[in-house]
Amino acid sequence: MAYALTKPLTFAALLALGLTGCNNSNQTATEEVPADSATTEAAANPNGTLQKIKDSGTIVVGYRDSSIPFSYIADDPNQPMGYAHDLEMKVVEAIKQNLNMPDLNVRYNLITSQTRIPLVQNGTVDFECGSTTNNEERQEQVAFSNGFFEIGTRLLTKNDSGINGFDDLEGNTLVTTAGTTSERYIRQYIDEKQMDTNVISAKDHGEGFLMLENGRADAFMMDDVLLAGEKAKAKNPDEWVIVGEPQSFEIYGCMMRKDDPEFKAVVNEALNNVYSSGEINDIYSKWFLNPIPPKNVNLNFEMSDNLKALIANPHDSAQPKVATAQ
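Residues numbered from 1 in each chain as written. Predicted model: local features only at pLDDT ≥ 70, side-chain atom pairs only at ≥ 80, totals over all residues. Heavy atoms only, no water.

**A closer look at the confidence of the model for the protein chain**
How we decide: What pLDDT expresses is the predictor's confidence in each residue, scored from 0 to 100. Pairs of residues are marked as contacts when any of their non-hydrogen atoms sit within 4.5 Å.
The predicted model of the protein chain averages 86 in pLDDT, with 84% of residues at 70 or higher. Of the regions scoring below 50 in pLDDT, residues 7-44 engages in 76 contacts with residues more than four places distant in sequence or in other chains. Across residues 320-326 the pLDDT falls below 50, and counting only partners more than four positions away or on other chains, this stretch makes eleven contacts in the model.

Below you can see the structure in the form of structure tokens.
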């Protein structure tokens, strides 16, 4: 199936765009699903996301281009893929059934760590499932679905760098991704420890690893599973190692606008159905235990006990955790 993609707008354009930014005459239809009776959720909230989608005939889905293996672009520049993307499409199918709109158009809009929240807030993107941490600060700005992944923040470095943990960052240069919880955490950590560490911020995970690979940085701090994804696409994956005790544990969720319980209920029901049916195990295995594009490298990233517990008992709480408390 073909979908239309759009690139992110400038920040000034984002502020001016508003809800009208989601219409596109080049939208293409997705695969049809059986129609059922029209639901009342959209009518109950005339300003809600479901009504917006129904009126426009289009749902706009946020995607990342380098968050391997969650949401990224590989061989086809017009087709996002990944673990979170597969879950995102389950939500889209649920929305089509909820609105009795089997021909609902799906349009992708590229987001980054820095643009994802304003793009959701102003209605350019209806929702996104990628690698966005659910935390209390973000809950003041947007809403989150039940969680679909739990990570620990660690370091990626060359196996001969001499860096085995966060204390070894003294005198070294660290890269992290701008607009992430890792960026905020590591700057605070270095200030508190009064470490002589140079911190640089990359625009996305791909640029962060490129800085590491070309020697501009000695280590890359990010979510452990995203580091595994960057390692997998390296020229020589065996040259790189993930090190350090996790400095925090975080939960990923799908992000959407606040104060829209009808839309959030549809998203959560779609995710919960994937969990309760056991389909989540096949989706997880596909992306974490088997070779994946672009280099057909296997991440060999087993499902953690924390993620198993989250799937068994879904929730939308941020639940920030400290590694030493585990």
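**Quick word on the pairing of strand β10 (residues 219-223)**
Using the following cut-off: Each residue's exposure class comes from its accessible area (1.4 Å probe, protein chains only) as a fraction of the maximum for that residue type: buried when under 20%, exposed when over 50%, partly exposed otherwise. Each helix corresponds to a stretch of at least 4 residues labelled H or I by DSSP, and each strand to a stretch of at least 2 residues labelled E; elements are numbered beginning at the N terminus. For two strands to pair, DSSP has to find at least two bridges joining them.
Counting buried residues along β10, five of its five residues qualify, which places the element largely inside the surrounding structure. Where strand β7 (residues 143-158) lies against β10, five bridges are found, and the strand directions are antiparallel. Counterpart to Leu 155 in the pairing with β10 is Met 221. Relative to β10, strand β8 (residues 173-177) runs parallel, the two being bridged by two bridges. Each bridged residue has a counterpart across the sheet, and for Val 175 the counterpart in β10 is Phe 220.

**Topic: the state of the cysteines**
Short version of the rule: Criterion for a disulfide: a pair of cysteine sulfur atoms within 2.5 Å.
For the coordinates displayed, the defined rule picks out one disulfide. Here Cys 129 connects covalently by a disulfide to Cys 254, the sulfurs 2.0 Å from one another. Across the S-S bond linking Cys 129 and Cys 254, the dihedral sits near 105 degrees, which makes this disulfide right-handed. With Cys 129 in the loop between β6 (127-128) and α6 (136-139) and Cys 254 in strand β12 (residues 249-256), this residue pair connects regions lying 125 residues apart in the sequence. Comparing Cys 129 with Cys 254 shows no difference in burial state: the two are buried.

**Observations regarding the packing of helix α4 (residues 83-98) against helix α10 (residues 261-277)**
So the rule is basically this: Here the axes come from fitting lines to C-alpha atoms, over the contacting stretch only for helices, and the angles between their N-to-C directions go from 0 to 180 degrees. For classification purposes, angles smaller than 35 degrees are called roughly parallel, those larger than 145 roughly antiparallel, those between 65 and 115 roughly perpendicular, and all remaining angles oblique. When the near helix sits turned anticlockwise from the far one by under a right angle, the crossing is termed left-handed; a clockwise turn instead gives a right-handed crossing. When residues are grouped by polarity, Ala, Val, Leu, Ile, Met, Phe, Trp, Tyr, Cys and Pro land in nonpolar, Asp, Glu, Lys and Arg in charged, and all others, Gly among them, in polar.
Close contact between α4 and α10 brings their axes to 9 Å; oriented N to C, the two are set at 120 degrees. As far as their axial angle goes, α10 and α4 are oblique. Every pair of crossing elements has a handedness; the one defined by α4 and α10 is right-handed. Judged by residue contacts, Leu 87, Lys 90, Val 91, Ala 94, Ile 95 and Asn 98 of α4 engage Phe 263, Val 266, Val 267, Ala 270, Leu 271 and Val 274 from α10. When its residues are assigned to classes, the contact of α4 with α10 shows ten nonpolar, one polar and one charged.

**Re the packing of aromatic side chains**
Put simply, the rule is: The aromatic pairing rule takes the rings of Phe, Tyr and Trp, using the six-membered ring of Trp, and pairs them if the centres are within 6.5 Å, calling planes under 30 degrees apart stacked, those over 60 edge-to-face and the rest tilted.
Under the counting rule described, the total for this entry stands at 21 aromatic pairs. Considering the side-chain rings of Phe 70 and Tyr 252, the 5.1 Å spacing of their centres and the 75 degrees angle between planes classify their relative orientation as edge-to-face. Here Phe 70 is found in the loop between β3 (66-67) and β4 (71-72), whereas its partner Tyr 252 is found in strand β12, with 182 residues between them in sequence. The exposure class of Phe 70 is buried, given its relative accessible area of 0%. Residue classification places Tyr 252 among the buried residues on the basis of a relative accessible area of 0%. The interplanar angle of 85 degrees and the centroid separation of 6.2 Å between the aromatic rings of Tyr 72 and Trp 287 together place this pair among those described as edge-to-face. Here the residue Tyr 72 occupies a position in strand β4, and Trp 287 occupies one in helix α11 (residues 279-288), the gap between them amounting to 215 residues. Tyr 72 gets classed as buried once you look at its relative accessible area, which sits at 0%. Overall, the relative accessible area of 5% leaves Trp 287 in the buried class. One aromatic cluster in this structure is built from Phe 70, Tyr 83, Phe 148, Phe 149, Tyr 252, Tyr 284, Phe 288 and Phe 301.

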